[in-house]
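Each chain is listed here by its residues.
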Amino acid sequence: MLDFPRWKKIWLWSVIVLVSLAALPSLVSLAGGKWPQNLPDPSINLGLDLAGGSHILLEADSRQIAAQRLETMEESVRTVMRQATPAVRIGDVSTQGQRLSFMVESASDVDRARELLLPLVNGEGLRREWTLEVVDETRFVLTPTQEGLDAALDQAMDSAKDVIDRRINAIGTLEPTIIRQGDTRIVVQAPGQEDPEQLKALIGQTAKLEFKLVDETALPSDVQAGNAPPGSEIFPYAEGTPFTGQNLAVRRLGGIKGDSLTNAQASVNPQTNEQVVNIQFDQQGAAKFARLTTQNVNKPFAIILDNKVLSAPNINEPIRGGTAQISGSFTSESANQLAIALRSGALPVDLKVIEERTVGPDLGADSIRSGMIAMGIGTGLVLILMLVTYGRFGVYACAALVLNVVMILGIMAVLNTTLTLPGIAGFVLTIGAAVDANVLINERIREERHRGRRVVQAVEFGYSEASRAIFDANITNVIAATLLFLFGQGPVKGFAVVLVIGVITSVFTAVTITRMWVAGYLRRKRPTDLHI
């Protein structure tokens, strides 16, 4: 137990030095200093409660999900009926009353149409997402089930949460807290983002990009009055475009959605010197875009973003490269934000801000100062108690305690984790755990000496016997912290991370490092008695 070969000492000291060096930038930052820019600077990120930032509560409209599902089902029905061999002709399509109904023109095709629809109405497993009825012999009625609507809403909110996470990380905000609240709400906390307007502009933008053919048969007077011809819909032009204040009629079905984008980059058009966004489709989207432009040469098509028309250029020739360019009186900032939003993916549902707060850094500074004072006082009292109670062994315990704090900071910096106010509480808790381990070891050594064992034997038995209890106790702490991390959110996760790291480093410093120091002392001094 007390045998430490040279290679083992070199390895242990190397770990101590490397982790301590990783902690230096964080220590300098917490002390109010500035770390040299030309040196590596792994540092701890501060959470919203310490660094300040923005807190936003978003809410989705579940009715929009139901409308989207109706539109998707209508397009799917038209596609499967058209692609059947021979095709099934349908008509009188209606989406009134939150259900889809249509008529099959030939009564002989009813059974075949039913077979074609069955794969569309069944969900995953045993879940039925739509009910299928045949009324008046040739009319099919598809009604969404509540189970299907709930599943679609849950999937949309999870997708929206992932999209928001990608968007916030794209602007450099570290460790945002993004959690669902209830069925239709998402909480966003972005440390370091003190401008909630910029955050709202980024995450509140649906970035729903669509390419739709312009309905050239629509009467201009009807379009400006908001009356759409059958099979078409009306969209207003976006602010800042040459046609601001006017409307445009486009075909409701048959366009291309922006969910097949693979990249989007803001740039400047060298010919017009205006800000644009270049987009790239994936293979399937590129093929669909090429087919749309090939079949509609010399016809206008509208580029629609979040239900507003950016432009409606003419298709002069087929576009087969899978790339396109979006223009629309962008500024450099708005073009970059749109590119980020498109790269991150469109939100599956519009999100409305219903609550927003800005947390100033002053509150975080007070929390850090109060936490550091509490930790300093507690640590100082513990150090005094250990020195008075255990003498030289108390010195080793105190050195291990200080080293434990430094190692926690270093590991957190390397892992790029976030420190929150509960995380500081985790620091204090790990200090107690580290001291507890040294108390167990020292008391066990004292007991072995009282039993008459010689110095080296007492130390060996003290470390070996106490280590069992220490490992058992800390394993339960790790299990509890792991569960907190898996099922907790936000600051609770921060507490769990600090606790797990602290437990590991406390065992390492209190058991392994102090044992190396004690072994060196016994080998050098060879004492005949221990004052412990």
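The numbering scheme is per chain: residues are counted from 1 as the chain's sequence reads. Restriction of local features to residues with pLDDT of at least 70 applies here, the model being predicted, together with a cutoff of 80 or more for giving and counting side-chain atom pairs; totals for whole chains, interfaces and linings are based on all residues. With hydrogens and water stripped out, all remaining heavy atoms of the structure feed into the side-chain values.

(A) Local environment of the pairing of strand 11 (residues 247-251). Exposure categories follow from relative accessible area, calculated using a 1.4 Å probe and restricted to protein chains: below 20% of the type maximum is buried, above 50% is exposed, and the middle band is partly exposed. Helix numbers and strand numbers start at the N terminus; a helix is a DSSP run of H or I with at least 4 residues, a strand a run of E with at least 2. Counting buried positions over the five residues of strand 11 gives four, a clear majority of the element. When DSSP finds two or more bridges between two strands, those strands count as paired. With five bridges connecting them, strand 10 (residues 232-236) and strand 11 associate as antiparallel partners. When the bridges of strand 11 are listed, Ser232 appears paired with Arg251.

(B) How the structure looks around the side chain of Thr138. Of note, Thr138 is situated in the loop between strand 5 (130-135) and strand 6 (139-144). In what follows, a contact means two residues having at least one pair of non-hydrogen atoms within 4.5 Å. Those residues within four positions of Thr138 in sequence are excluded, and the remaining contacts are Phe102, Met103, Val104, Ala107 and Val110.

(C) Spatial organisation of the sheet that holds strand 6. One open sheet accounts for four strands, arranged 3-4-6-5; its pairing is antiparallel. Single-partner strands in this sheet number two, and they are strand 3 (90-94) and strand 5. When the angles between neighbouring strand axes are averaged without regard to direction, this sheet yields 20 degrees. Across six bridges, strand 5 lies against strand 6 in antiparallel orientation. Across the sheet, residue Val135 finds its bridge partner in strand 6, namely Arg139. To obtain each axis, a line is fitted to C-alpha atoms, and for helices this fit is confined to the stretch in contact; angles are then taken between N-to-C directions over 0 to 180 degrees. Lying over the sheet, helix 4 (residues 110-121) contacts strand 4 (100-104), strand 5 and strand 6, oriented at roughly 165 degrees with respect to strand 5.

(D) Spatial organisation of the packing of aromatic side chains. The criterion for an aromatic pair is that two Phe, Tyr or Trp rings (for Trp, the six-membered ring) have centres within 6.5 Å, with stacked assigned to planes under 30 degrees apart, edge-to-face to planes over 60 apart and tilted to the rest. Applying the stated rule across the entire model yields seven aromatic pairs. Between Trp13 and Trp517, the ring centres sit 6.4 Å apart and the planes meet at 35 degrees, which makes this aromatic pair tilted. Placement of Trp13 in helix 1 (residues 6-30) and of Trp517 in helix 14 (residues 491-525) is noted, with a sequence separation of 504 residues between them. Take Trp13: its relative accessible area is 40%, and that puts it in the partly exposed class. Among the residues examined, Trp517 registers a relative accessible area of 17% and is labelled buried. With centroids separated by 5.5 Å and ring planes inclined at 10 degrees, the aromatic side chains of Phe102 and Phe140 adopt a geometry described as stacked. Taken together, the residues span a long stretch of sequence, with Phe102 in strand 4 and Phe140 in strand 6 at a distance of 38 residues. Phe140 sits in the buried class, given a relative accessible area of 0%. Here the aromatic cluster, defined as three or more aromatic residues joined through ring pairs, consists of Trp13, Phe393, Tyr396 and Trp517. Only when the NZ of Lys or the CZ of Arg is both within 6 Å of the ring centre and within 35 degrees of the ring normal is a charge said to sit over the ring. Over the ring of Phe461 we find Arg453; its NZ or CZ atom is 3.8 Å from the centre of that ring.

(E) Structural context of a nonpolar patch on the surface. Patch definition: residues above 30% relative accessible area lacking any salt bridge, with like charges linked at up to 9 Å and the nonpolar side chains Val, Leu, Ile, Met, Phe, Trp and Tyr linked at up to 5 Å. Accessible surface is estimated by sampling points in the Shrake-Rupley manner with a 1.4 Å probe; for residues, cover comes only from the protein chains shown. For salt bridges, the criterion is a side-chain nitrogen of Lys or Arg within 4 Å of an Asp or Glu carboxyl oxygen. A contiguous nonpolar patch, built from Phe471, Ile475, Ile479, Leu483, Phe485, Leu486 and Phe487 and spanning about 750 Å² of accessible area, is present on the exposed surface. Inspection of the secondary structure puts Phe485 in helix 13 (residues 455-487). Owing to a relative accessible area of 38%, Phe485 belongs among the partly exposed residues under this scheme.

(F) Region of interest: the packing of helix 13 against helix 14. Look at helix 13 against helix 14: their axes get within 9 Å of each other, and the N-to-C directions meet at 170 degrees. Comparing the axis directions of helix 13 and helix 14 gives the class roughly antiparallel. In this classification, Asp, Glu, Lys and Arg are treated as charged, Ala, Val, Leu, Ile, Met, Phe, Trp, Tyr, Cys and Pro as nonpolar, and every other residue, Gly included, as polar. Its residues assigned to classes, the contact of helix 13 with helix 14 shows 21 nonpolar, six polar and two charged. By definition in this entry, angles of less than 35 degrees are roughly parallel, angles greater than 145 are roughly antiparallel, angles of 65 to 115 are roughly perpendicular, and the rest are oblique.

(G) Spatial organisation of the environment of Gly502. Along the chain, the position of Gly502 falls in helix 14. By relative accessible area, which is 1% here, Gly502 ends up buried. As for Gly502 and Gly426, which are separated by 76 residues in sequence, their C-alpha atoms are 7.8 Å apart. When sequence neighbours within four positions are dropped, the list of residues in contact with Gly502 reads Asn404, Ile408 and Thr430.

(H) Structural detail: the nonpolar core. Each nonpolar core is a collection of buried residues, namely Ala, Val, Leu, Ile, Met, Phe, Trp, Tyr and Cys, held together in the definition by side-chain atoms within 4.5 Å. Judged by nonpolar contacts, the single largest core of 54 residues is most densely connected at Met412, Leu419, Phe427, Ile445, Ile513 and Leu530. Looking at this core, the elements that each hand over two or more residues are helix 1, helix 10 (361-390), helix 11 (392-414), helix 12 (421-450), helix 13 and helix 14. Looking at this core, the element that brings in the most residues is helix 11, giving 14 residues.

(I) Molecular detail of unusual backbone geometry. The amide bond that connects Thr85 to the next residue, Pro86, takes the cis arrangement and shows omega of -10 degrees. Take Pro86: it is sitting in the loop between helix 3 (62-83) and strand 3. Despite not being glycine, Gln98 has its phi angle at roughly 60 degrees, a positive value. Here Gln98 lies in the loop between strand 3 and strand 4. The phi dihedral of Asp136 is positive, around 50 degrees, even though this residue is not glycine. On the secondary structure map, Asp136 appears in the loop between strand 5 and strand 6.

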